[in-house]
Amino acid sequence: MDRLTESQLYSLRTLKTPKVGRTVAKVLLILVAIFLIFLFLPWQQNIRGNGTLTALSPQNRPQMVESAIAGRIVNWNVLEGQYVNAGDTILTISEIKDKFFDPDIVPRMKDQLEAKKNAATAKENKTDALRRQIQALQNALKAKNSQALNKRQQAKLKLEADSLAFLAEKVNFSNAKSVFERNKNRFEAGNITLTKFQELENKYQASNAKVLKTENEWLQRKADLANANLELASIEAEYTDKISKAQSDLNETIASLNETKAEISKMENELTNVIVRQSQYQIIAPQSGYLVQAVKVGIGETIKEGDAIATILPESDDVAFEMYIKAMDMPLLSVGRKVRIEFDGWPALAFSGWANASIGTFGGEVAILDRVESQNGLFRIIVKPDKEDEPWPDQLRLGSAAKGWVMLHDVPIWYEIWRNMNGFPATLYQDEIPSLTGKKK
């Protein structure tokens with residue numbers, strides 16, 4: 001019996017694998033192999049975020065020019081978009097408060113201040129005069145007290161002397177009385193003559209007169225001592241009253257002088273405020289840069305204190321990337337971390353996990369990490385140019401949008417896919433736990 005070939009049997013022909021199918025299967029096997037190999041390729045983990053360009057130093061960021069006082073626009077001295085130097089006059093305004101309408105307000109205030117200073121000088125002279133008067137009264141009181149004390153001492157001494165003289169005369173009178181009474185009996189008995197008796201009687205009367213005289217003198221000295229004490233007290237009272245009155249006048253003058261000095265200080269403050277206010281009629285550029293975004297533009301338009309006039313964009317090559325990231329990614333960041341940035345409007349082909357293969361991206365490093373939330377649960381970081389990488393383009397403008405990737409560690413692609421599918425954070429090695437200052441713990 002002859003053998004049949006495969007091509008002669010229909011059932012065998014239908015079970016045969018088509019040539020195209022075998023080719024597709026080979027291609028699929030190759031793709032699977034490539035995919036498996038691809039899963040084990042290295043992938044650099046990163047943290048993504050968007051943001052805008054800004055300046056690293058706050059003084060180089062756009063600055064609002066504000067009016068310190070209320071006024072009315074008189075003249076614009078520069079055009080929008082024009083470059084201005086620090087100290088240039090941007091805008092001139094006029095006064096709108098009636099308190100400062102007087103064109104001669106400064107000279108008038110200076111005259112008032114000078115008059116008040118002269119009044120203060122006169123009061124100072126008066127206080128000096130009152131102090132001298134008080135000192136003179138105190139010296140006079142000492143002199144008068146000394147004189148009165150001497151007079152009282154003299155009165156005491158005279159009183160003592162007259163007291164002793166009075167006592168002596170009383171003794172003499174007692175003796176003369178005894179002699180007189182004895183001789184009176186003898187005269188009555190006829191033992192002495194009338195002449196002798198009359199002589200003794202005269203002595204007795206004379207002694208009695210001396211007693212009365214010394215007593216009067218003693219009483220007079222007592223009165224003199226009392227007068228001396230009274231004079232001493234009256235001198236103390238008189239000069240104490242004068243000194244108290246002068247001291248009261250001095251205190252009133254000092255109080256008035258202090259009030260005048262307070263008024264002078266207030267007037268000097270008001271004068272300084274007026275002078276400073278007049279200097280504010282010219283709104284000056286705080287720093288050099290380009291004048292942009294004028295807010296108040298109309299001549300005659302009124303502005304209030306603190307109203308924004310325009311914005312000054314400083315001319316500086318200080319450029320940084322203000323990037324916002326999620327709170328869950330903050331523990332993974334530290335100062336000095338490398339960043340890849342893609343600027344809007346700049347042609348780029350970026351592969352976040354293969355930084356070296358990216359085209360049109362630029363390098364940076366984390367310079368500042370905010371410690372508080374900035375907006376919508378996001379945290380801000382500031383990225384500065386990486387000096388070891390390609391310089392950033394000169395065409396960049398502050399405020400331009402950009403997106404960036406903070407580069408972390410290399411892991412296999414399969415691990416990165418698995419991590420993202422499960423929502424796990426990026427890998428962080430224990431010996432590289434960062435702090436906000438960039439120091440490893």
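Residues numbered from 1 in each chain as written. Predicted model: local features only at pLDDT ≥ 70, side-chain atom pairs only at ≥ 80, totals over all residues. Heavy atoms only, no water.

This brings us to the overall build of the protein chain. Helices and strands together make up the secondary structure of the protein chain, namely 5 helices and 14 strands. Classification of the 441 residues of the protein chain by burial places 32% in the buried group. Just so you have it, the protein chain exposes about 27,900 Å², and 54% of that area is on carbon and sulfur atoms. (Helix = DSSP H or I, 4+ residues; strand = E, 2+ residues; numbered from the N terminus. Buried < 20%, exposed > 50% of the residue type's maximum accessible area, 1.4 Å probe, protein only. Areas by Shrake-Rupley, 256 points an atom, 1.4 Å probe, with all protein chains shown as cover.)

Let's shift gears to the environment of N183. Mapped onto the fold, N183 is located in helix α3 (residues 105-189). Put simply, N183 and T193 are 10 residues apart on the chain and 9.9 Å apart in space, counted from C-alpha to C-alpha.

Another aspect to go through is a nonpolar patch on the surface. On the surface, V20, V24, V27, L28, I30, L31 and I34 cluster together into a nonpolar patch covering about 640 Å² of accessible area. Positionally, V27 belongs in helix α2 (residues 19-39). Judged by its relative accessible area of 41%, V27 falls in the partly exposed class. (Patch = residues over 30% accessible without salt bridge, like charges linked within 9 Å, V, L, I, M, F, W, Y side chains within 5 Å. Salt bridge = Lys/Arg side-chain N within 4 Å of Asp/Glu carboxyl O.)

Moving on, we get to the sheet that holds strand β4 (residues 83-84). Sheet strands pair via backbone hydrogen bonds, and the direction of the pair is either parallel or antiparallel. The 4 strands lie next to each other as β2-β9-β7-β4, forming an open sheet whose pairing is antiparallel. Of all strands in the sheet, those with a lone pairing partner are β2 (63-66) and β4, marking the two edges. One ladder, built from 4 bridges, connects β2 with strand β9 (residues 308-313); its direction is antiparallel. The partner of M64 across the bridge, within β9, is T311. (Pairing = 2+ DSSP bridges.)

This paragraph deals with the packing of aromatic side chains. Applying the stated criterion to the full structure yields 4 aromatic pairs. Ring geometry for F343 and F362: centres 5.6 Å apart, planes at 40°, overall tilted. Of the two residues, F343 is situated in strand β11 (residues 338-343) and F362 in strand β12 (residues 362-369); the sequence distance between them amounts to 19 residues. The class of F343 is buried, set by a relative accessible area of 2%. By relative accessible area, which is 3% here, F362 ends up buried. Counting every residue linked through ring pairs, the aromatic cluster contains F343, W346, F362 and W392. Its guanidinium or amino end placed over the ring of Y239, K242 lies 5.2 Å from that ring's centre, counting from NZ or CZ. (Phe/Tyr/Trp six-rings, centres within 6.5 Å; stacked < 30°, edge-to-face > 60°. Lys NZ or Arg CZ within 6 Å of the ring centre and 35° of its normal.)

Next up on the list: the pattern of salt bridges. Going through the model one piece at a time under the given rule, you end up with 16 salt bridges. The closest approach of N and O atoms between R108 and D104, which form a salt bridge, is 4.0 Å. Here K242 makes a salt bridge to E238, at a shortest N to O gap of 3.2 Å. Note that K242 and E238 are positioned in helix α4 (residues 194-279) at a spacing of 4 residues, about one turn of the helix. Exposure remark for E238: the relative accessible area of 39% places this residue in the partly exposed category. Because the salt bridges share partners, they merge into one network encompassing K338, E365, K384 and D386.

Estimates place the volume of the largest pocket at around 510 Å³. A breakdown of the residues in the lining of the largest pocket according to their chemical character gives 11 nonpolar, 3 polar and 9 charged. (1 Å grid on protein atoms, 1.4 Å probe; cavity = no way out; pocket = protein on both sides within 12 Å on 5 of 7 lines; lining within 4 Å. Points joined across faces, edges and corners; volume = space filled by probe spheres on them. Nonpolar A, V, L, I, M, F, W, Y, C, P; charged D, E, K, R; others polar.)

Residues other than glycine seldom take positive phi values, yet Q293 does so here, at roughly 50°. Turning to its location among the elements, Q293 is positioned in the loop between β7 (289-292) and β8 (302-303).

With that settled, consider the sheet that holds strand β3 (residues 71-76). Here 4 strands make up an open sheet; going across it, the order is β6-β5-β3-β8 and the pairing antiparallel. Both outer strands of the open sheet, β6 (282-284) and β8, are each paired with one neighbouring strand and no more. Pairing of β3 with β8 involves 2 bridges; the strand directions are antiparallel. Within β8, the residue paired with G71 across the bridge is I303.

Take helix α5 (residues 413-422) next. Along α5, the residues classified as buried are I413, E416 and R419. Viewed along the axis of α5, the buried residues span an arc of 125°, placing them on a single side of the element. (Arc of directions from axis to C-beta.)

Now for the environment of I417. Along the chain, the position of I417 falls in helix α5. When the C-alpha positions of I417 and L39 are compared, they lie 8.9 Å apart, and in sequence the two are 378 residues distant.

Relative to strand β5 (residues 89-94), β3 runs antiparallel, the two sharing 4 bridges. Across the sheet, the residue bridging to N75 is T92, located in β5. Here β5 runs beside β6; their pairing, made up of 3 bridges, is antiparallel. Within β6, the residue paired with T92 across the bridge is Q282.

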